[in-house]
Amino acid sequence: MAGENMTQSPSNVSMPRNTSSGELQNGEHKTNTHFMRKIPPGAEASNILVGEVDFLDKTLSAFLRLNTASVMGDLTEVPVPTRFIFILLGPPGSHGSFHEIGRAMATLMSDEIFHEVAYRAKKREHLLAGIDEFLDAVTVLPPGEWDPSIRIEPPAAIPSQEVRKRPPEKNPKEEIDEELEEQRQREEAGLSRTGRLFGGLINDLKRKAPFYLSDFKDGLSMQCVASWIFLYFACLSPIITFGGLLGTATGNNIAAMESLVSGFVCGIGYGFFSGQPLTILGSTGPVLVFETIVYEFCMKVGWDYLTFRFWIGTWISIILVVLVAVDASALVCYITRFTEENFACLIAVIFIYKAIENVFHIGKEYPMNTAGGKFDCSCLPPVGQELTSEAVHTWSQYDLRTCKSLNGTLAGVDCDKPEFVSDVFLMSIVLFLGTYIISVILKDFKNALFFPSVVRQFISDFSVTIAIFSMTLLDVFTHVATPKLDVPSEFKRTIPDRGWIIMPFHESNPAWSSALAFLPALLGTILIFMDQQITAVIINRKEHKLTKGCGYHLDLFVLSCLIQICTIMGLPWFVAATVLSINHVNSLKKESETAAPGEKPQFIGVREQRVTHILIFLMIGCSVLLTPLLSHIPMPVLYGVFLYMGVSALKGLQFFDRLLIMLMPAKYQPDYMFLRQVPIRRVHLFTMIQLACFAVLWLIKSFSITSILFPLMLVVMIGVRKSLDYIFTKRELKILDDIMPEMTKRARADDLHQLEDGEVGFYKRLIGCCIGQKLIQQPVTTISVTKVTEQTNKSNSTNPNS
């Protein structure tokens, strides 16, 4: 406020703002539109006006709440409607105290609890009671304990204010019935039996149908484009690699081309019709072992492999449909964090191990000459060709691979050894580590200090894509013959004599072989059911904050249909891939955009949609047409992507966090909830048991003879978890094996701690009263962060007579 009879307040200097009166056009405020993006929808402003006038002998103050919030010209820096106005006027000479009173009032209005009181207050005493409550909760620092010149960073997560909202007379401990809460959560997720055939499937359809159109609308985002490109490369290489291994194991009856077609069919079908499209389908090791055993059995007895496999796949589809009909997915509720994290950690470690192993395998094919000796092997013209000096000179320039392909003659004592090509292995290591390091650094670039937030977020979303393209360009410019991605160049069956439809009967197979196929189908069903449902449990974790619900029964039904289609066409069976699915979720995480200045963005959920899943496998189906481009991508680059995915999948696993804690001194251990409530010895004991189970799973999966039993061992893990009831108390298991997110548990524990801490609360109230009645004469320093008051749908609670 400025005028002839008013002097300037110090706030005019300490809190400058843009002069916007010259930019008002047709009543519209056009200043600082960038700041407007940070303000939540429905926000309202509180204006604090202090000043000095010479016609007053004593202080005059007023607190106003408007019946209808209104935009007051350029009174505010941004066109936010004003709901509250605080005016403080006084005689000259008191401007210093007025400035502090204005700051204190702004701090009051930034408090979530007080502005709730301000909206509902009907008389002066209600406001005074709100001020008293604020003083009860405020923290006061003596001037000697804090340097005002030091900036205090905002908290990583705003503490819960639920305790302050409870009425004082109802403050005794409130405990939630955890059994009823878990039962309610199971019913919401569809993990409780309905008592009728296909009841769970029907409920899943009802739950997911309202979100079907939004699943496509929510995919219209640059973040989804980045996720699509990243996961396309992440899915393509395993499919081709798996196809090559499957071709070797099945006599090329099912190979790389069949794997690409299966990826296209399963990916498109699952993307359009599944209940949880965030789950990525892929090939798994147990499926490869299962196919190998079936093929070897057919070769021994002289049966046609694809015909016998047709009946196995048909029985698997029928059994899965029966499981859907009887709501067998409700058994997923027995898969606790103990089993779930053992499985997820195992798959993530396998990704990391295989990525490193593949890079060292390149070193075996292209070894380095570490001994410094000369490689005695040269290429000569083919036998029968004249050995002129010009011909010898020409052929000697070829390496061993080129010489063999041209039918040249190898001469020398080292020709039976791999040729020393030092550059290939070293370049592979550079590409491998470079891809991983660039992906990690750019993924965290959204928290950097450079560039606008839009640019930083874009770079973070496309971090893996940038790493792939940059390392591929480096490989192209260096002209080093590193191994490249090998994609089929023609769309045709691996065995041209066989069509795309498998006949159910064959002259080599007896009629009763179709009934015999039921036995291996039982084992295959367990394999597919466990792989699919454990991955679904991991994706639907509470900490992912998914809002569109789960679809365990619908996913299993869609998968059974896809398995039958792949069986008829002679394609490999695809099931949920854990690491790919976890990285799909991580690549689609959203953070708050309407954060107050200085406040760190908060994780608000995942972009749930179907577009990325459909586009990923649509591109995989079209990969044959992209062979000229894909053939330039070095395999070490893709191995670096696998390493990144494996490490990313380990983040957030409590099992992995507890393993790291075992190596930390107590003073450096993070503030995890289980460390607050369970003795560290018991935590380490639980971790060691889980680590032993992890080692058993690793050993079983490492040998081809026992790897087929891997799904059965996951069932055994559930039994091991049940036996822990005799070692740990129910409370300890509830804390260490709880499915509740860490932040939710921390908030509840903080609230309960404040409820129990009655003595501390008494002293805080005593200090607050002393401050309120000015009984403390020593000056104090107040720390506050002023934010725009958020008000959404408050009209019903506002007094209409104000």
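Being a predicted model, the structure only gives us computed values, none of them experimental. (Residues numbered from 1 in each chain as written. Predicted model: local features only at pLDDT ≥ 70, side-chain atom pairs only at ≥ 80, totals over all residues. Heavy atoms only, no water.)

### Digging into the packing of aromatic side chains
Moving on, step 1. Scanning the entire structure with this criterion turns up 26 aromatic pairs.
Moving on, step 2. Ring geometry for Phe-216 versus Phe-272: centroids 6.1 Å apart, planes at 35°, classification tilted. Remark: Phe-272 occurs in helix 11 (residues 256-273) and Phe-216 occurs in helix 9 (residues 212-217); sequence separation between them is 56 residues.
Moving on, step 3. With a centroid separation of 6.2 Å and 45° between ring planes, the pair formed by Phe-445 and Phe-451 is classed as tilted.
Moving on, step 4. For Phe-445, a relative accessible area of 17% gives the class buried.
Moving on, step 5. Phe-451 sits in the exposed class, given a relative accessible area of 55%.
Moving on, step 6. Following the ring pairs from residue to residue traces out a cluster consisting of Tyr-212, Phe-216, Phe-272 and Phe-273. (Phe/Tyr/Trp six-rings, centres within 6.5 Å; stacked < 30°, edge-to-face > 60°. Helix = DSSP H or I, 4+ residues; strand = E, 2+ residues; numbered from the N terminus. Buried < 20%, exposed > 50% of the residue type's maximum accessible area, 1.4 Å probe, protein only.)

### Examining the pairing of strand 2 (residues 45-53)
Moving on, step 1. In terms of burial, strand 2 is a largely internal element, seven of the nine residues being buried.
Moving on, step 2. Note: strand 2 against strand 4 (residues 82-90), eight bridges, orientation parallel. What sits directly across from Asn-47, in strand 4, is Ile-85. (Pairing = 2+ DSSP bridges.)

### Remarks on the pattern of salt bridges
Moving on, step 1. On inspection of all chains with the given rule, the structure shows 15 salt bridges.
Moving on, step 2. Arg-207 is the salt-bridge partner of Asp-204, the closest N and O atoms lying 2.5 Å from each other. Taken together, the residues Asp-204 and Arg-207, both in helix 8 (residues 199-208) and three residues apart, mark about one turn of the helix. Each member of the pair, Asp-204 as well as Arg-207, is classed as buried.
Moving on, step 3. The salt bridge partner of Glu-357 is Lys-354, with a shortest N-O separation of 3.4 Å. Of this pair, Glu-357 and Lys-354 both sit in helix 14 (residues 337-365), three residues apart, roughly one helical turn.
Moving on, step 4. The class for Glu-357 is partly exposed, based on a relative accessible area of 34%.
Moving on, step 5. Residues joined in a network through salt bridges with shared partners are Asp-215, Asp-218, Lys-548 and Arg-610. (Salt bridge = Lys/Arg side-chain N within 4 Å of Asp/Glu carboxyl O.)

### What about the pairing of strand 4?
Moving on, step 1. The buried count for strand 4 comes to eight of nine residues, which makes it a mostly enclosed element.
Moving on, step 2. Pairing of strand 3 (residues 60-70) with strand 4 involves seven bridges; the strand directions are antiparallel. When the bridges of strand 4 are listed, Leu-60 appears paired with Leu-89.

### Section: the side chain of Ser-237
Moving on, step 1. Relative to the helices and strands, Ser-237 is located in helix 10 (residues 222-249).
Moving on, step 2. Filtering out sequence-adjacent residues up to four positions away, Ser-237 remains in contact with Leu-485, Met-635, Leu-638 and Phe-642. (Contact = heavy atoms within 4.5 Å.)

### Comments concerning the packing of helix 13 (residues 305-325) against helix 22 (residues 552-569)
Moving on, step 1. In the contact formed by helix 13 and helix 22, the axes pass within 9 Å of each other and the chain directions differ by 165°. Judged by the inter-axis angle, helix 13 sits roughly antiparallel to helix 22. Where helix 13 crosses over helix 22, the two elements pack in a sense that is left-handed. Between helix 13 and helix 22, the residues in contact are Arg-309, Phe-310, Gly-313, Thr-314, Ile-316, Ser-317, Leu-320, Val-321, Leu-323 and Val-324 and His-553, Leu-556, Phe-557, Ser-560, Ile-563, Gln-564, Cys-566, Thr-567 and Ile-568, respectively.
Moving on, step 2. Its residues assigned to classes, the contact of helix 13 with helix 22 shows eleven nonpolar, seven polar and one charged. (Axes fitted to C-alpha atoms, helices over the stretch in contact; angles between N-to-C directions. Parallel < 35°, antiparallel > 145°, perpendicular 65-115°, else oblique. Left-handed = near helix turned anticlockwise from the far one by under 90°. Nonpolar A, V, L, I, M, F, W, Y, C, P; charged D, E, K, R; others polar.)

### Regarding the environment of Ser-513
Moving on, step 1. Checked against the element boundaries, Ser-513 lands in helix 20 (residues 513-516).
Moving on, step 2. You can call Ser-513 buried: its relative accessible area is 4%.
Moving on, step 3. Linking Ser-513 and Trp-303, residues 210 residues apart in sequence, is a C-alpha distance of 9.2 Å.
Moving on, step 4. Ignoring sequence-local partners within four residues, the contact set of Ser-513 consists of Trp-303 and Phe-308.

### Quick look at the confidence of the model for the protein chain
Moving on, step 1. Looking at the protein chain, pLDDT values average 77 and 79% of them are 70 or higher.
Moving on, step 2. In this model, residues 1-27 is a region of pLDDT below 50 whose contacts with residues beyond four sequence positions or in other chains number 29 contacts.
Moving on, step 3. The model gives residues 740-744 a pLDDT under 50, and that stretch makes nine contacts with residues more than four places away or in other chains. (pLDDT = per-residue confidence, 0-100.)

### Points about the nonpolar core
Moving on, step 1. The biggest cluster of nonpolar side chains holds 134 residues, and the ones touching the most others in it are Ile-312 and Met-645.
Moving on, step 2. Per element, the largest residue contribution to this core is 13 residues, and it comes from helix 14.
Moving on, step 3. Taken together, domain 2 (199-365 + 424-652) and domain 4 (677-767) each give at least three residues to this core, which thus spans both.
Moving on, step 4. If near-sequence neighbours (up to four positions away) are discounted, Met-645 is found in contact with Phe-230, Ala-234, Phe-351, Val-579, Leu-580 and Asn-583. (Core = buried A, V, L, I, M, F, W, Y, C linked by side-chain atoms within 4.5 Å. Domains from an automatic or database assignment.)

### Concerning the packing of helix 13 against helix 21 (residues 518-539)
Moving on, step 1. Contact geometry for helix 13 and helix 21: axes closest at 8 Å, N-to-C directions at 55°. Relative to helix 21, helix 13 is oriented oblique. In this structure, helix 13 crosses over helix 21, and the sense of that crossing is right-handed. Taking contact as the criterion, the partners of Phe-308, Ile-312, Trp-315, Ile-316, Ile-319, Leu-320 and Leu-323 in helix 13 are, on helix 21, Phe-518, Pro-520, Ala-521, Leu-522, Gly-524, Thr-525, Ile-528 and Phe-529.

### Regarding the side chain of Ser-623
Moving on, step 1. With respect to the element layout, Ser-623 can be found in the loop between helix 24 (611-621) and helix 25 (627-630).
Moving on, step 2. With a relative accessible area of 0%, Ser-623 lands in the buried category.
Moving on, step 3. Side-chain polar atoms of Ser-623 contact the side chain of Tyr-232, separated by 2.9 Å.
Moving on, step 4. Those residues in contact with Ser-623 that sit more than four places away from it in its chain are Tyr-232, Leu-236, Val-487 and Leu-630. (Polar contact = N/O pair within 3.5 Å; in protein donor to acceptor, adjacent residues only side chain to side chain.)

### Re unusual backbone geometry
Moving on, step 1. Of note in this structure, Phe-198 is not a glycine but carries a positive phi near 55°.
Moving on, step 2. In this structure Phe-198 comes out as partly exposed when scored by relative accessible area, which is 28%.
Moving on, step 3. One non-glycine residue, Asp-327, lies in the positive phi region at around 60°.
Moving on, step 4. Residue class for Asp-327 comes out buried when judged on its relative accessible area of 2%.

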